[in-house]
2 protein chains.
Amino acid sequence: MILLSGGSGKRLWPLSNDVYSKQFIRLFRREDGVYESMMMRAYRGIREAGDAQITVATGAGQVSAIRSQLGDGINICTEPCRRDTFPAIALAAAQIKRRGAGDGDMVISCPVDAYVEEDYYRALHALGRLAQDSPAQLTLMGVQPTEPSEKYGYILPKSRDEISAVASFHEKPSPEDAAAYIRRGALWNSGVFAFRLGYVLEKARALLGSDDYDALLAAYANLPQISFDYAVSEKEKSICVVRFSGTWKDIGTWNSLADVLHAQSIGPTQLDTNCQNVSVINQLDIPVLGMGLKDTVICVAPDGILVSDKESSVRLKTQAEILSSESRYAERSWGTYQVLAADRNGVTRRIIMPAEKRMRYHSHAMRDECWVITSGVGEVLFDGKRRLVGPGDMIRLPRGVKHRLAAKEDLTLIEVQTGDYFGADDRQFFSEEDAAE
Amino acid sequence: MILLSGGSGKRLWPLSNDVYSKQFIRLFRREDGVYESMMMRAYRGIREAGDAQITVATGAGQVSAIRSQLGDGINICTEPCRRDTFPAIALAAAQIKRRGAGDGDMVISCPVDAYVEEDYYRALHALGRLAQDSPAQLTLMGVQPTEPSEKYGYILPKSRDEISAVASFHEKPSPEDAAAYIRRGALWNSGVFAFRLGYVLEKARALLGSDDYDALLAAYANLPQISFDYAVSEKEKSICVVRFSGTWKDIGTWNSLADVLHAQSIGPTQLDTNCQNVSVINQLDIPVLGMGLKDTVICVAPDGILVSDKESSVRLKTQAEILSSESRYAERSWGTYQVLAADRNGVTRRIIMPAEKRMRYHSHAMRDECWVITSGVGEVLFDGKRRLVGPGDMIRLPRGVKHRLAAKEDLTLIEVQTGDYFGADDRQFFSEEDAAE
């Protein structure tokens, strides 16, 4: 199974931004109270619904967030740059082949940016079984439409059976045309494709010049920017579609996201009784009070605060582009941080490291750092020396000194950076083996 | 001149709270771009409009904020507890007498919680001169009403002259009665009184049993809780009122405050073109984006975030009472702080100390502290030893160790507290002379 983790943007600002895509936002409450992202839901849901080897296909900027959310054991196929879905799927297929899969093995490619429920993951596994038994080269998942939306692509099947040959594709039709297609049994194109590994490798040879992982990787920046639908599906004659009629929602805007949240508000919030149709997500630890509001979405996050009429929120992208893109929250492979304060003289961050996570051994040329541990136990490696640290311990890290922190237990600390420059590129990495000498 | 700095409450939450009253909020932009509070405006305005010795009458909780805003040289008459305006004015009068004033000296008592402009301060000085020349014992300032509001007290003068004897008082009448009074020339009671010092001291002897500062101070908790209007004005026969027709507005609610701000938004804010009648005050350093909002007030402050329909905001007090009253921003005599993060394991604060300010020498029993200087130059006194500190310097302050910081230049630092308890009462003070031994 290939999970396509693409896209980035500001349609869900201030939760999503250029480096933190919507699939990573932890908004969905599991029964045990833990909040999961769509990425975490997809990974868990697919594994709970059946056996599957999962590869996440993504850009370099998302690798840290994926490891943070899914663990270090996850297979990631990292695109050197973004080239739309066909090159991404081809590269992942070549990597799967490299790991020993055979040309006859069934592969399902699935985007992770739609809101779905448990039945969807069962349907993915069923799709694989149906595709396995089908004579068609390519099997798509079509979603039963709930409205004649002009946002989606439509697949017109030849019959109304659970699995049917495809008659035609219709990308983003007018609402009138969409309604007509729906009357004729059309389905939304979910972007889910099932195929044998050899099928896509053959397409890669034909369209990209190679099916070899290293060759594709090396040539990646020069590959055509082309979608799987355009490159493959719409040209394939041996193609069928499987009908899915459970929950599947694009949550590309605040308006649609608010619809699928389990509660009117997440985070410390109080709404008076005159509030109607108000949704609040508050990620800071100060309370939000809403009074007399109607049809409003409020989102409070480290990067900023959005207050919008729900209808207006669909136009967010344009507005948010104007705002600074510097993100104050990030998920790294070693944990998460939130910028608490920043000016030209210093940056203060709260860092949370789960047990067993560790930073890479590194130094900075232009800034001094200071760590104050507020909870948990960790091990500092500092200029070759190791030291256990706990609550109240303070570690001064002058510029030039090599350092890293490893969490023995869940660890929280405050980091204060002072100096001349605080960019992420002021980091030099070293191997810990050097330190041991 | 006595400036009455009273009141506290949550009508302007999250800017005002139980310890930080509305007169201290820095919302009014001076021509040079500096933001002033109503307290700062009143102090500057009165001094620019003429000669005056100023005493601020206030409760103990406000002394730090007053010194921070008006400087250490200001005369403050501190009430041990709140007992309404008559005991407050009597105590301040007794203190003024103690400092050498004579019974014949003219005193003006003026609250600082109304929004006014320059002409008001000139009118205060003029009131003093008119009262000086008047045979009346007590001279009030009456404000020309702009609407038949039921929020105010009304003074009905005997004539429509600039200065007139008072016919009657009418506290918070119905709008119909208010309109009738206004047709007969009634004025709003601004709470400003002019009198000779001896007059109020005589009232203090009669009503409070003494006119001696020490005696009043000692007995303060047992004094009656009674307003100057009720105790004195409404009973006085020899009383007149001076007409003022400039700007004078109660800004007790967000709705009225928004009316007097110089701009639609203060702080980093972006509103789309569909926003109508939206006011934003943003005191955090993350941006606010408003889209498609109408008649809305947004206030973002260290204590919380308010988003309210303007009409609904008048009911704020009740809602805000439910929210935690713990304040994350405070003004102390040595500077200001903002809590950046707080949980049971630690508190992180950004501290700003203007040049020449210093903390008192103190220690904590239950917490360790760590200071990281991000800008400026200061002197740390630490366990008797002095040390100059600047950007990047880190000072570890284990529990029990005496310490203080003094700013040589404007100083900014991050303080991280770790330990078991972070209450303001965990402080023991010492004299710096002990340290020098």
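Residues numbered from 1 in each chain as written. Chains lettered and ligands numbered in written order. Predicted model: local features only at pLDDT ≥ 70, side-chain atom pairs only at ≥ 80, totals over all residues. Heavy atoms only, no water.

### Considerations on the pairing of strand S5 (residues 75-79) of chain A
At step 1: Where strand S4 (residues 55-59) of chain A meets S5 of chain A, five bridges bridge the pair, whose relative direction is parallel. Note on S5 of chain A: the bridge partner recorded for Gly59 of chain A is Glu79 of chain A. (Pairing = 2+ DSSP bridges. Helix = DSSP H or I, 4+ residues; strand = E, 2+ residues; numbered from the N terminus.)

### Regarding the packing of aromatic side chains
At step 1: Evaluation of the coordinates by the stated rule reveals 22 aromatic pairs over all chains.
At step 2: With a centroid separation of 6.4 Å and an interplanar angle of 40°, the aromatic rings of Tyr154 of chain A and Tyr181 of chain A are classed as tilted. Residue Tyr154 of chain A is found in strand S9 (residues 153-157), and its partner Tyr181 of chain A is found in helix H5 (residues 175-183); the two are separated by 27 residues along the sequence.
At step 3: What makes Tyr154 of chain A buried here is its relative accessible area of 1%.
At step 4: With a centroid separation of 5.7 Å and 80° between ring planes, the pair formed by Tyr120 of chain B and Tyr121 of chain B is classed as edge-to-face. (Phe/Tyr/Trp six-rings, centres within 6.5 Å; stacked < 30°, edge-to-face > 60°. Buried < 20%, exposed > 50% of the residue type's maximum accessible area, 1.4 Å probe, protein only.)

### Description of the interface of chain B and chain A
At step 1: The interface of chain B with chain A comprises 52 residues on the first partner and 52 residues on the second.
At step 2: Between chain B and chain A the total buried area reaches about 4400 Å² when both faces are included, carbon and sulfur atoms providing 65% of it.
At step 3: Of all residues in chain B, Leu289, Met291 and Ile305 of chain B bury the most surface against chain A, accounting for 16% of the area lost on that side.
At step 4: Where chain B touches chain A, the interface holds two salt bridges.
At step 5: The closest approach of N and O atoms between Arg328 of chain A and Asp285 of chain B, which form a salt bridge, is 3.5 Å.
At step 6: In the side of chain B that touches chain A, the residues fall into 29 nonpolar, 14 polar and nine charged.
At step 7: Sheet topology places strand S17 (residues 288-291) of chain A next to strand S19 (residues 304-309) of chain B; four bridges connect them, and they run parallel. (Contact = heavy atoms within 4.5 Å. Buried area = accessible area lost by both parts, 1.4 Å probe. Salt bridge = Lys/Arg side-chain N within 4 Å of Asp/Glu carboxyl O. Nonpolar A, V, L, I, M, F, W, Y, C, P; charged D, E, K, R; others polar.)

### Here we look at the sheet that holds strand S21 (residues 335-343) of chain A
Picture the strands of a sheet paired through backbone hydrogen bonds; they go either parallel or antiparallel.
All names here are of chain A.
At step 1: Reading across from one edge, S20-S21-S22-S29-S24-S27 is the order of the six strands in this open sheet, with antiparallel pairing throughout. The open sheet terminates on both sides in strands that have one partner only, identified here as strand S20 (329-332) and strand S27 (394-397). Across this sheet, the average inter-strand angle for adjacent strands is 20°, counted without regard to direction.
At step 2: Pairing of strand S24 (residues 367-375) with S27, which is carried by four bridges, proceeds in the antiparallel orientation. Across the sheet, the residue bridging to Glu369 is Leu397, located in S27. (Axes fitted to C-alpha atoms, helices over the stretch in contact; angles between N-to-C directions.)

### Here's the deal with the confidence of the model for chain A
At step 1: Of the residues in chain A, 98% reach a pLDDT of 70 or more, and the chain-wide mean stands at 92.
At step 2: The ipTM value of the predicted complex is 0.85, and its pTM value is 0.86. (pLDDT = per-residue confidence, 0-100.)

### Quick word on the pattern of salt bridges
At step 1: Enumeration over the complete set of coordinates arrives at 48 salt bridges over all chains.
At step 2: In this structure, the salt-bridge partner of Arg399 of chain A is Asp368 of chain A, at a minimum N-O distance of 3.1 Å. Pair noted here: Arg399 of chain A is in the loop between S27 and strand S28 (403-407) and Asp368 of chain A is in strand S24, with a separation of 31 residues, a long-range link.
At step 3: Arg30 of chain B serves as the salt-bridge partner of Asp32 of chain B, at 2.7 Å between the closest nitrogen and oxygen.
At step 4: Overall, Arg30 of chain B belongs to the partly exposed group, its relative accessible area being 27%.
At step 5: Bridged by salt links that share partners, the residues Arg30, Asp32, Glu36, Arg44 and Glu48 of chain A form one connected network.

### Some remarks on the environment of Ser190 of chain A
Residues and elements named next belong to chain A.
At step 1: In this fold, Ser190 is placed in strand S11 (residues 187-196).
At step 2: Placed 66 residues apart in sequence, Ser190 and Ser256 show a C-alpha to C-alpha distance of 17 Å.
At step 3: Here the side chain of Ser190 touches Met141 through a polar contact of 2.8 Å, landing on its backbone oxygen. (Polar contact = N/O pair within 3.5 Å; in protein donor to acceptor, adjacent residues only side chain to side chain.)

### Observations regarding the state of the cysteines
At step 1: Counted by the stated rule, this structure contains zero disulfides over all chains.
At step 2: No disulfide involves Cys240 of chain A; its sulfur sits 17 Å from that of Cys110 of chain A, the nearest cysteine.
At step 3: No disulfide involves Cys81 of chain B; its nearest neighbouring cysteine sulfur is the one of Cys77 of chain B, lying 12 Å away.
At step 4: Given the relative accessible area of 22%, Cys81 of chain B is considered partly exposed. (Disulfide = S-S within 2.5 Å.)

### A short note on the side chain of Asp368 of chain B
Residue and element names in this part refer to chain B.
At step 1: For Asp368, a relative accessible area of 12% gives the class buried.
At step 2: A distance of 2.8 Å separates a polar atom in the side chain of Asp368 from the backbone nitrogen of Arg399.
At step 3: In this view, Asp368 contacts Leu397, Pro398, Arg399, Val416, Gln417 and Thr418; residues no more than four positions away in its chain are not counted.

### What to know about unusual backbone geometry
Only a minority of non-glycine residues have a phi that is not negative, and only a minority of peptide bonds are not trans.
Residues and elements named next belong to chain A.
At step 1: Of note, the bond from Trp13 into Pro14 is cis; its omega dihedral lies within 30 degrees of zero at 5°.
At step 2: Mapped onto the secondary structure, Pro14 falls in the loop between strand S1 (2-5) and strand S2 (28-29).
At step 3: One non-glycine residue, Asn277, adopts positive backbone phi at about 55°.
At step 4: Tracing the backbone through its elements, the reader meets Asn277 in strand S16 (residues 276-282).
At step 5: Despite not being glycine, Glu356 has its phi angle at roughly 80°, a positive value.
At step 6: Tracing the sequence through the fold places Glu356 in the loop between strand S22 (346-353) and strand S23 (362-363).

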